[in-house]
Amino acid sequence: MALTGRVPLLALAGVVPLWLAPGWATFVGWALLVLLAVVADLLLAGSPKALTVEREPLGSLRLGSGAQASFVVTNRGPRRVRGVVRDAWQPSAGAADQRHRLDVPAGQRRRFTTRLVPTRRGDRLVEHAVVRSVGPLGLAARQRALPAPGRLRVLPPFTSRKHLPSRLARLRELDGKAAVQVRGQGTEFDSLRDYVDGDDVRSIDWRATARRQQVVVRTWRPERDRRVLIVLDTSRTSAARIGDAPRLDAAMDAALLLAALASRAGDRVDLLAADRRVRARVEGVTGGGLLPALVEAMAPLDADLVEADWTVVVGAVRQRLTQRALVVLLTPLEAAALEEGLLPVVQQLTRHHQVGLASVADPQVAEQAAARGDAYAVFGAAAAQRSQLDRLAVTAELTRAGVDVLDAPPESLPPALADHYLALKAAGRL
Amino acid sequence: MTVVAGRPGPADLTSATPADGPAAGGSPGRPPGRDRRTRVLLWGGAAAGALVLVGLVGALTTPRTTSGDLEPTSASPDGARAVAQILQRQGIAVETVRTTTQVAERSSALRTTVVVHPVLRGPEQLDRVAATPGPLVLVDPDLPALERLAPFAEAAGVTDARAAEPACSQPSVTAAGSARAGGSLYRLADGARQASAVLCYPAPGGSDRGSLVLGTENGRTVVVLGQADVLRNSHLADADGTAALALRLLGTRAGVVWYVPDPAELSTSQEAPTLSELVPRGVRFVVWQLALVAVLAMLWRGRRLGRLVTEPLPVVVRSTETQEGRARLYRRAKAYGRASATLRTAALRRLARRLDVPADASPATVVALAAQASGLGQTALTATFLGPAPTDDRGLVRLADEIAAAEAAVTATSSRPGPAPGSPGGAR
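Residues numbered from 1 in each chain as written. Chains lettered and ligands numbered in written order. Predicted model: local features only at pLDDT ≥ 70, side-chain atom pairs only at ≥ 80, totals over all residues. Heavy atoms only, no water.

(A) Broad picture of the overall build of chain B. Within chain B, the regular secondary structure consists of 17 helices and 10 strands. Put simply, chain B has 428 residues, and 40% of those count as buried. For chain B, long-range pairs separated by at least 24 residues make up 63% of all intrachain contacts whose partners lie at least 6 apart in sequence. (Helix = DSSP H or I, 4+ residues; strand = E, 2+ residues; numbered from the N terminus. Buried < 20%, exposed > 50% of the residue type's maximum accessible area, 1.4 Å probe, protein only. Contact = heavy atoms within 4.5 Å.)

(B) Molecular detail of the packing of helix H16 (residues 378-386) of chain B against helix H17 (residues 393-413) of chain B. All names here are of chain B. Closest axis-to-axis distance for the H16/H17 pair is 10 Å, and the angle between their directions is 125°. Taken together, the axis directions place H16 and H17 in an arrangement best described as oblique. For H16 against H17, the interelement crossing comes out left-handed. Contacts from Leu 381, Thr 384 and Phe 385 of H16 reach H17 at Leu 399, Glu 402, Ile 403 and Ala 406. (Axes fitted to C-alpha atoms, helices over the stretch in contact; angles between N-to-C directions. Parallel < 35°, antiparallel > 145°, perpendicular 65-115°, else oblique. Left-handed = near helix turned anticlockwise from the far one by under 90°.)

(C) Quick look at the sheet that holds strand E13 (residues 240-242) of chain A. Taken in spatial order, the three strands line up as E14(A)-E13(A)-E10(B) in an open sheet, and their pairing is mixed. At either margin of the open sheet sits one strand with a lone partner, and together these are strand E14 (245-246) of chain A together with strand E10 (317-318) of chain B. In the sheet, E13(A) pairs with E14(A) via two bridges, with the strands oriented antiparallel. Residue pairing in the sheet places Ile242(A) in a bridge with Ala245(A) of E14(A). (Pairing = 2+ DSSP bridges.)

(D) Quick peek at the environment of Arg153(A). All names here are of chain A. Relative to the elements of secondary structure, Arg 153 occurs in strand E9 (residues 140-155). For Arg 153, the residues in contact, after removing those within four places along its chain, are Gly 59, Ser 60, Leu 61, Gly 122, Asp 123, Glu 296, Ala 299 and Pro 300. Side-chain polar atoms of Arg 153 contact the side chain of Asp 123, separated by 2.8 Å. In terms of polar contacts, Arg 153 uses its side chain to reach the side chain of Glu 296, at 2.9 Å. (Polar contact = N/O pair within 3.5 Å; in protein donor to acceptor, adjacent residues only side chain to side chain.)

(E) Fine view of the side chain of Thr237(A). Looking at the secondary structure, you find Thr237(A) in the loop between strand E12 (227-233) and E13. Setting aside chain neighbours within four positions, we find Thr237(A) in contact with Arg247(A), Pro332(A), Glu334(A) and Ala337(A).

(F) A look at the interface of chain B and chain A. Listed by partner, the interface residues are 58 residues for chain B and 72 residues for chain A. When chain B packs against chain A, close to 5,800 Å² is buried across both sides, 64% of that on carbon and sulfur atoms. Here chain B is connected to chain A by three salt bridges. In this structure, Arg120(A) engages Glu311(B) in a salt bridge whose closest nitrogen and oxygen atoms are separated by 2.6 Å. (Buried area = accessible area lost by both parts, 1.4 Å probe. Salt bridge = Lys/Arg side-chain N within 4 Å of Asp/Glu carboxyl O.)

(G) Quick look at the confidence of the model for chain B. Residue and element names in this part refer to chain B. Within chain B, residue pLDDT values average 79, and 84% of them lie at 70 or more. For chain B, helix H1 (residues 2-6) is the element with the lowest average pLDDT, namely 37, and helix H14 (residues 336-354) is the one with the highest, namely 92. In this model residues 1-30 is a low-confidence stretch, pLDDT under 50, and it forms 31 contacts with partners more than four residues away in sequence or in other chains. Predicted confidence is poor over residues 417-428, with pLDDT under 50, and the contacts of this stretch with residues over four places away or in other chains come to 27 contacts. (pLDDT = per-residue confidence, 0-100.)

(H) Structural view of the state of the cysteines. All names here are of chain B. As enumerated under the stated definition, the model contains one disulfide over all chains in all. Linked covalently through their sulfurs, Cys 168 and Cys 200 form a disulfide whose S-S length is 2.0 Å. With the S-S bond torsion at 90°, the cross-link from Cys 168 to Cys 200 turns out right-handed. Residue Cys 168 is found in the loop between strand E4 (153-164) and helix H8 (171-174), and its partner Cys 200 is found in strand E6 (residues 198-202); the two are separated by 32 residues along the sequence. When sorted by exposure, Cys 168 lands in the same class as Cys 200, which is buried. (Disulfide = S-S within 2.5 Å.)

(I) Summary view of the pattern of salt bridges. Here the structure, examined in full by the defined rule, presents 35 salt bridges over all chains. When the shortest N-O distance is used, the salt bridge between Arg391(A) and Asp407(A) registers 3.0 Å. Of the two residues, Arg391(A) is situated in helix H12 (residues 375-400) and Asp407(A) in strand E19 (residues 403-408); the sequence distance between them amounts to 16 residues. Pair check on accessibility: Arg391(A) and Asp407(A) agree, each one buried. With its nearest N and O atoms 2.9 Å apart, the salt bridge here joins Asp69(B) to Arg232(B). Separated by 163 residues along the polypeptide, Asp69(B) in the loop between helix H3 (32-61) and helix H4 (81-89) and Arg232(B) in the loop between strand E8 (220-225) and helix H9 (233-236) bring together distant segments of the chain. With relative accessibility at 14%, the residue Arg232(B) sits in the buried group.

(J) Local environment of H16(B). Residue and element names in this part refer to chain B. Taken together, the buried positions of H16 are Leu 381, Thr 384 and Phe 385. Across the axial projection of H16, the buried residues extend over an arc of 80°, all falling on one side. Of the surrounding secondary structure, the elements contacted by the buried residues of H16 are H14, helix H15 (363-374) and H17. (Arc of directions from axis to C-beta.)

(K) Layout of a nonpolar patch on the surface. Together, Val28(A), Leu32(A), Leu35(A), Val39(A) and Leu43(A) make up an exposed nonpolar region whose accessible area comes to about 470 Å². Within the element layout of this structure, Leu35(A) appears in helix H3 (residues 24-44). (Patch = residues over 30% accessible without salt bridge, like charges linked within 9 Å, V, L, I, M, F, W, Y side chains within 5 Å. Areas by Shrake-Rupley, 256 points an atom, 1.4 Å probe, with all protein chains shown as cover.)

(L) Local environment of the pairing of E12(A). Residues and elements named next belong to chain A. Counting buried positions along E12 yields seven of seven residues, so the element is predominantly enclosed. Here six bridges tie E12 to strand E17 (residues 325-330), and the two strands are oriented parallel to one another. Bridge pairing in E17 links Arg 227 to Ala 325.

(M) Structural context of the nonpolar core. Formed by 51 residues in total, the largest nonpolar core has its most connected members in Ile230(A), Leu232(A), Leu330(A) and Tyr421(A). Top contributing element to this core by residue count: helix H6 (residues 247-264) of chain A, with 13 residues. When sequence neighbours within four positions are dropped, the list of residues in contact with Ile230(A) reads Ala255(A), Leu258(A), Ala259(A), Val269(A), Asp270(A), Leu271(A), Leu272(A), Val328(A) and Leu330(A). Formed by 35 residues, the second largest nonpolar core is a distinct cluster that contains Leu70(B), Leu87(B), Ala228(B) and Ala246(B). (Core = buried A, V, L, I, M, F, W, Y, C linked by side-chain atoms within 4.5 Å.)

(N) Broad picture of the pairing of strand E8 (residues 122-134) of chain A. All names here are of chain A. Here E8 lies mainly inside the structure; 10 of its 13 residues are buried. Two strands pair when backbone bridges link them, and strand E5 (residues 81-89) and E8 are joined in this way by six bridges, in the antiparallel orientation. Across the sheet, the residue bridging to Val 85 is Val 131, located in E8. Bridge count for E8 against E9 is 12 bridges, and the pairing is antiparallel. Looking across to E9, one finds that Val 126 is bridged to Gly 150. Counted along the chain from E8 to the antiparallel partner E9, the turn is five residues long, and its residue Gly 138 has a positive phi close to 70°.

(O) Expanded view of H17(B). Here H17(B) contains 21 residues, and its C-alpha end-to-end distance of 31 Å stays within 8% of the 30 Å for a straight helix at 1.5 Å per residue. Buried residues of H17(B): Gly395(B), Leu396(B), Val397(B), Leu399(B), Ala400(B), Ile403(B), Ala406(B), Glu407(B), Ala409(B) and Val410(B), and no others. Residues of H17(B) that are buried in the fold lie against H12 of chain A together with H14, H15 and H16 of chain B. (Expected span 1.5 Å × (residues − 1).)

(P) Looking closely at the sheet that holds strand E2 (residues 51-55) of chain A. Residue and element names in this part refer to chain A. If you trace the three strands from one edge of the open sheet to the other, you get E2-E4-E7, paired in antiparallel fashion. Edge positions in the sheet fall to E2 and strand E7 (109-116), since each has one partner strand and no second. Along the sheet, successive strands turn relative to each other by an average axial angle of 25°, direction set aside. Pairing between E2 and strand E4 (residues 67-75): five bridges, direction antiparallel. If you follow Val 53 over to E4, its bridge partner there is Val 73.

Written as structure tokens, this is what we have:
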């Protein structure tokens, strides 16, 4: 039950008779009148129990775009239902206007649409729609929450997509489609073709030249069908925020760019998200299905406030990889967490695989490290430089163990990781 | 008084402050809760001390005498201290009361009740005075008091004050002789002439008006005194019989109840109508109705359209949190040594990278090479990077500036581009 603004107005009108004929009888009489009107209105209002709400299925969308969430209200009761219906989405679903004017005659149905612009990644839920059915006098309403479950999956935005074309162009240069090729350890023979001016004389195949009586060069292409395993650390250190977004989101962005690039280069890309246990995995998906599978797996992930168990993570990685692969660990370069967790077990990975570690750096640290002026700022700078030194120390230890370390701010980490991949590819180190 | 109030009492200060002394302003190591408690205690103690001081000063400076018209303790010209003291010296106790209830309590057949200026007393209060058994002296009463307490007299205007002869047959008055008279005049009421009422000190115009009336009411003597000067300090020492008259009027019994009406004494509950009695009936009901409207409006606005929707909020941790915590620790501990060592190490690391010195080179080597590259003096650079740690804020800031200057000098002269001075490693 709910009252409308007309009830206090009606009660206010009672001031006139009370002024003209003051007395308890008038007071009680008017109160009874208001009560009677409210009760009558309630009895005459269409029952919200007779309504059913069906929600149209919603797909998924990238963070930053909008969606239309529609539902149909069917009135199975004998009376018309007028009033308000509220589509009770979670606040982070970003419903601009949840309330809709409701007017469904008996036996009919109406469709309503709520525009959603989600503000956070993950699953945004709705459990019910609330109907308030106002009586014919507009004094009182019957209210009921009708079950109408729904889910909108909000995917990572993949803002580093813009770096993909330039990296693909670099990949094509490597790929033998361009004229200049250098033979490397990890490249394989592609084809023979006629020499054209500008080709490297070292790539002339003398035996074929002798056969063909024309100068012939060999072309090479990088290896294909290598494996890339991206490990996403979802432990507490990934929960830390840089600007407004957690480190995990920047790491996802970098992972998506690397996966897009590597899958175009013909490599097999797998994903593993883990902290103390494996939280999500994508395995054996190739071609066009890879990116959707990745974002779908990443969407519901949030950093947990637990310490990463690198023994479990390394074990899971080794279990999945039989041949040599590129293992990219997307984890923050936090000295304490890595020294105790990763360093003791990282040798198990570097012995068999090419291991890279990509960390989301905070540009604020560098800013604070350069702060001068008063003692307050200098102490802050000393603390910042201390943490930088710690990071350098753990970086040195990881490098000694055979891990390539990348440490870059959120927006430059994805291209840096892609470039690192391309460099490995060109050098044939995969 | 305000100056005194602002200064905390020294005795209370020491009792309120804990034993660890004057550092109550919040030394850094102390938990904030205890700090606040100390502050509350301190302020409370200061306030209590100020109150005690104000009270003491007030008590000390308050005179033993009071001021006020016809006050038995007032030594001012319009007071009545002289007559009260003379009466007391004669063994007649003078008791000052302020309310009619006190009058009813204290008065008896053996005490004379003096009613000074009974103005605007309510009927109940006058009734209480009328119920007293002893003789009554009314000093300059207003009309209601006169009607209730001395119906044998009527008010008959005023005249100038002057000395006059009694001109009546009452022995106690004629014995006093010429005295201060005038002031309010009274006349005997019709029907009272046959009674034992006597009019004395007649006004110069006609003999039926006088400033003193003696009569009997309820079986006791009631004196209506129109000239209050008779009791005042200023005229008691007059050469005529004023003092004698006063003493004869007041000294007939073993005690005097001196009633100085307190204007603040409430008359009775039924006389002052409450606010609710004053407002019209309609207004009261309208107010009730408006209250009802307010309740209904709350019900209208208070009803939510469906229950709250839960939002699973993500963890919010700022990435620089540990680093800021460390900075605060440095500040609190004033860790000049640690902070300067960190600044130096980081700067040397950057310089070594820029000058292509292997990472395991000794700091002295790096400093020497930096001096060579920048053209700065080696002694100055050695002092900057290898000298003793600063011991105060200014020293630390100066050291940081020197390090920055040295780095800038090396960067300016070295041709090789290197990482920004802010980050020791940069992205690698």
